[in-house]
Each structure stands twice: as C-alpha cells, then as structure tokens.
Amino acid sequence: MNQKNPSLSVETQLVHDDPHAEGAIAPPIYQTSLFTFASYQAMVDRYLGDVHQAVYSRVDNPTNSVLHDKIATLEVGEAALAFSSGMAAISNAILSIVRPGDRVVCIKNVYADTYRLLRGPCARLDIETVFVDGTDIDDVKKNLPGAKLLYLESPNTWMFEEQDLATLAKLARAESVLTIADNSWASPINQNPLQLGVDLVVHSATKYISGHSDTVAGVVAGSKQLIERIDQDVRPYLGACLSAQDAARLIRGLRTLPLRIQRHHDSGLQIAHKLAEHKNVKRVCHPAIQKQDFSPLRGYGGLFSFEVSEAINIPLFCDALALFRLGVSWGGYESLVVPAAVSHSQFGANNAAVDFGVPPGMIRLFVGLEDPSDLWNDLQQAFDAATNAPSGNES
Ligand SMILES: *Cc1c(COP(=O)(O)O)cnc(C)c1O
C-alpha cells in the first residue's frame, strides 16, 4: 500500500497500490511454490538477511506481501500477516503467546470454534482458560493477575454485546497480560482495536474482507515485534499459509470494503429498527439498539439477531424466506439466516459447561447487499406464513 502518503484516506489507500511489475494495475499472482536465485552469492545474501527476496511460498510470497501491507494500514498496525482461515490466524496468534502452564482469560459467547480451540487443543497442552463475562469489568479484572492472555471479541456474533476494549486493554497491560481482539464483526472500517490499546487484532477475512463468499482466510495485525514473533515462532511450522490466488481475491475484496460496509450498515439498521417494532419480535440484539456509552464503533454492519415471540414457528419462518438463505457464514453479498435452535444444538454434551446465553427463540440475520425493501418484504411474508395464530384475528 501507498504508505508513503499516510494523509490519504483509507478509501484511496485501498484502491491504490505501490507500482506492480510491467505496470500491471492489479497485483500479479505469484503462482509459484519457490523462488530461485541467480547465483550462489545471491542465495548467500538472501540467507544472511542482507536482501529481501521471497524463498518459499509457505513462508513468503509477493502477492501476500501486498495484502499484509494493506491490512496493517487498515488496522493502524505496524505489520500484519495472512493465513488460510480465520481460525488459523486465531490459533497462530494465541500459540505465539501462551506456553504450557499459562492461563488465558476469554470472554463467554466467543466464536464457537475459538471456544473449542481453547477447551480442546489448548487445554491438552496444559493451557487453562477461564471464561468471564466480558461486559463485567470486575469479573475480567479479578481474573487477570497471573494470566498470560486476555482474548476479546467485541461485539460477539450472537448476542452482539460489546466489551469496553479500551478499559480492558488498559487493565490487562497493567498486569502484563497481552490482549487479542477478534474484530471480524466491526471490520477495520468501523473499529480499530489496536488504537484502543489492544495488542493483536484478528479477523476472519472469510467474512467482510473477502466480501464475496468465495474465499476462506484470516489475518492478524499488531506491532512489528508481536507480528515477528508469530512469523518466526509459529507460522512457518503450523503451515496454514494463504495461497497467492486467495491473497489476490482478498486484495480485490478490500477495494470495495468501505462501500460494502456502508451498504450493510444502512440496510442493517433499517431492518433492525423495523424488526424492533414488529409485534412478534421480543427484542433485537444490535449494537445500535443496545447502545453503550463507551462504544468506539464508527458504524455497524449487517449482522445482528432478534428473538421472536412464541407465536412464531421458527422452522416455518426459515422455510418461508425466499431471499434470506439458511447458512452459517456472513460478510458476503448475500443475505443469510441462522436459527439459534439449530446452530447451538451442535455444542452437544461435551461443550455444555459454558452457558452461551443464547435463547432458543433467537434468529441471526445477515443483511446482504440486496435492496433492503425487498429484504423487508421477504421477512414480512415469512412472519405471516409462520404465525401460529392468523394475524388478522387480533382484537
Ligand atoms: C467465521 C468467524 C471466525 C472463524 O473464521 P474462519 O475464516 O471461518 O476460520 C472467527 N471469528 C468470528 C467472529 C467469525 O465469525
């Protein structure tokens, strides 16, 4: 990215790259596993670190470097790395910090596979995790002394509760506890955790950064020192590298990220407010509606949830929807719906120890890029089709 001119706005910086070979406007996709050397001496110079040249694509690829620079600039970090999934970004970030015997403090209601990573593989490496209520500063504070890592996700992606990232990051720093925040929901357009004092920010780039539901990827950004630690201690050996093809798709997605986020923001708010007034909706969980004074969010996306009244038959509601497709992901162009009753049945007995606090009447919506009035009409006809008592008969 054009880091020589930081006064340019994010929109402009996302569109402009440093010049590419042959004057190519789009970054060349270096579809190669290795890079060769012109001479013995050139190879020696590279291995001594005197010159920068990619050696092997598991570790380094010029297409990926373009992406790294753009992510670092977007998240206002010194450096960034890309991975083959959001979970690869999260596991690399966590494993660069913790050792056997260490303790992690993590918010309840965290992304389900992050929870499973901490409860499964990390626990088996003798890394203990304490799950705390991220909205309760005292609950977090009393668990920090002696911990190594505080893991945050604000807001989380079922109940959309925000944590006070700035206050929690400060408390953690005072106890020499490093912090990671999953910023997938807000996207770098609407929130920058590093500027709030968080040490590492992670994203499922599968969601907004890709934006086209055709790529699985993840990114991490932070200080040069912490990113180098990930790059040198864990990333090459865990091997979850992003392909150059996928890096190029993410760079393309980034060009329109601010535009897409603005559209998700506008349509999402419009539909959330209409749902909040609907007679068969008990509550809407959306950070704009559950507004917190401390919130650093500059805007909202298209993902939120609502709880329906007992009058609504949820399977009928989901099946009656024509534009909202049933599916778990989000952040692409298409609108989606997930009922909590289905999504949370997967936790099973093994994971019953944590109360995720998601009532069975919750439905999560992702408001895509379609015309919001078409989407609202779709929701309205689904409510009508799924109402146990015919809606015309109220007194
Ligand atoms: C999807 C998601 C992840 C995991 O990312 P993948 O790209 O699927 O590995 C992590 N955190 C949040 C909030 C997510 O929505």
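One numbering rule holds for all chains: residues counted from 1, following each sequence as written. Under the rules for a predicted model, residues below a pLDDT of 70 receive no local features and side-chain atom pairs below 80 are neither given nor counted, while totals for whole chains, interfaces and linings still include all residues. Processing note: side-chain calculations cover all non-hydrogen atoms of the structure and skip hydrogens and water entirely.

## A closer look at helix α9 (residues 224-233)
Consideration 1: Type-normalised accessible area, obtained with a 1.4 Å probe on protein chains alone, sets the label of each residue: buried when under 20%, exposed when over 50%, and partly exposed for intermediate values. Only runs of H or I of at least four residues qualify as helices and only runs of E of at least two qualify as strands under DSSP, and these elements are numbered from the N terminus. Turning to α9, its buried residues are L226, I227 and I230. Down the axis of α9, the buried set is contained in an arc of 100 degrees. They therefore lie on one face. For α9, the exposed residues set more than 90 degrees away from the buried face come down to Q225 and Q232.
Consideration 2: Contacts are residue-level and defined by heavy atoms, with any inter-residue pair within 4.5 Å sufficient. The inward-facing, buried residues of α9 contact β1 (79-83), α4 (86-95), β5 (178-182), β6 (200-204), β7 (218-222) and α10 (235-238). An arc is given here, and it is the one of the directions from the helix axis to the C-beta atoms.

## What to know about the site of the ligand
Consideration 1: Note on definitions. A residue lies near a molecule or strand when any single heavy atom of the residue is within 4 Å of it. Close to the ligand lie 14 residues; M87, D182, S204, T206 and K207 are nearest.
Consideration 2: A 3.5 Å cut-off defines polar contacts: any pair of N or O atoms within that distance qualifies, except that in protein one atom must be a possible hydrogen donor and the other a possible acceptor, and neighbouring residues in sequence count only when both atoms are side-chain atoms. Here an oxygen atom of the ligand sits 2.8 Å away from a polar atom, N or O, in the side chain of S204.
Consideration 3: At 3.3 Å from an oxygen atom of the ligand is found a side-chain nitrogen or oxygen belonging to W330.
Consideration 4: Under a 2 Å grid-point criterion requiring more than half of the atoms, the pocket assigned to the ligand is the second largest pocket.
Consideration 5: Here the element with the most residues in the shell around the ligand is α4; it accounts for three residues. Definitions used for this entry: grid spacing 1 Å over protein atoms alone; cavity, a set of points where a 1.4 Å probe fits but cannot get out; pocket, an open set with protein on both sides within 12 Å along at least 5 of 7 lines; lining residue, one with an atom within 4 Å of a point. For a cavity or pocket, the test is whether more than half of a molecule's atoms lie within 2 Å of its grid points; if they do, the molecule sits there.

## Side note on the packing of α4 against helix α5 (residues 112-124)
Consideration 1: Think of each axis as a best-fit line through the C-alpha atoms, taken over the contacting stretch in the case of a helix, with angles from 0 to 180 degrees between the N-to-C directions. Two numbers describe how α4 lies on α5: the axes approach to 11 Å, and their chain directions differ by 45 degrees. By the criterion of interaxial angle, the relationship of α4 to α5 is oblique. Here α4 runs over α5; the crossing is right-handed. Across the interface between the two elements, M87, I90, S91 and I94 from α4 touch D113, T114, L117, L118 and C122 from α5.
Consideration 2: Asp, Glu, Lys and Arg are counted as charged, while Ala, Val, Leu, Ile, Met, Phe, Trp, Tyr, Cys and Pro are counted as nonpolar; the rest, among them Gly, fall into the polar class. Residues of the contact of α4 with α5, tallied by class, amount to six nonpolar, two polar and one charged. Every angle not falling under 35 degrees, over 145, or within 65 to 115 is termed oblique; those three ranges are roughly parallel, roughly antiparallel and roughly perpendicular. The sense of a crossing depends on the near helix, which, turned anticlockwise from the far helix by less than a right angle, makes the crossing left-handed and, turned clockwise, makes it right-handed.

## Observations regarding the sheet that holds strand β8 (residues 281-285)
Consideration 1: We treat two strands as partners when DSSP finds at least two bridges between them. Judged by pairing direction, the sheet is mixed, and its five strands sit side by side in the order β8-β9-β12-β11-β10 without closing on themselves. Where the open sheet ends on each side, the last strands, each with one partner, are β8 and β10 (325-326).
Consideration 2: Bridging between strand β9 (residues 303-308) and strand β12 (residues 362-366) involves five bridges; their strand directions are antiparallel. Of the residues in β12, the one forming a bridge with S305 is R364.
Consideration 3: Of the strands in this sheet, β8, β9 and β12 touch helix α12 (residues 257-276), which is tilted by about 10 degrees from β9.

## Description of the environment of Y333
Consideration 1: Here Y333 is to be found in the loop between β10 and β11 (336-339).
Consideration 2: Contact partners of Y333, with chain neighbours within four places excluded, come to G211, H212, S213, G368, L369 and E370.

## Remarks on the confidence of the model for the protein
Consideration 1: With 94% of its residues at a pLDDT of at least 70, the protein reaches an overall mean of 94.
Consideration 2: Each residue carries a pLDDT score, the predictor's own confidence in it, on a scale running from 0 to 100. Here residues 349-354 is modelled with pLDDT under 50, and outside its nearest four sequence neighbours on either side it reaches seven contacts, counting other chains as well.
Consideration 3: Between residues 391-395, whose pLDDT stays under 50, and residues either more than four places distant or in other chains, the model counts three contacts.

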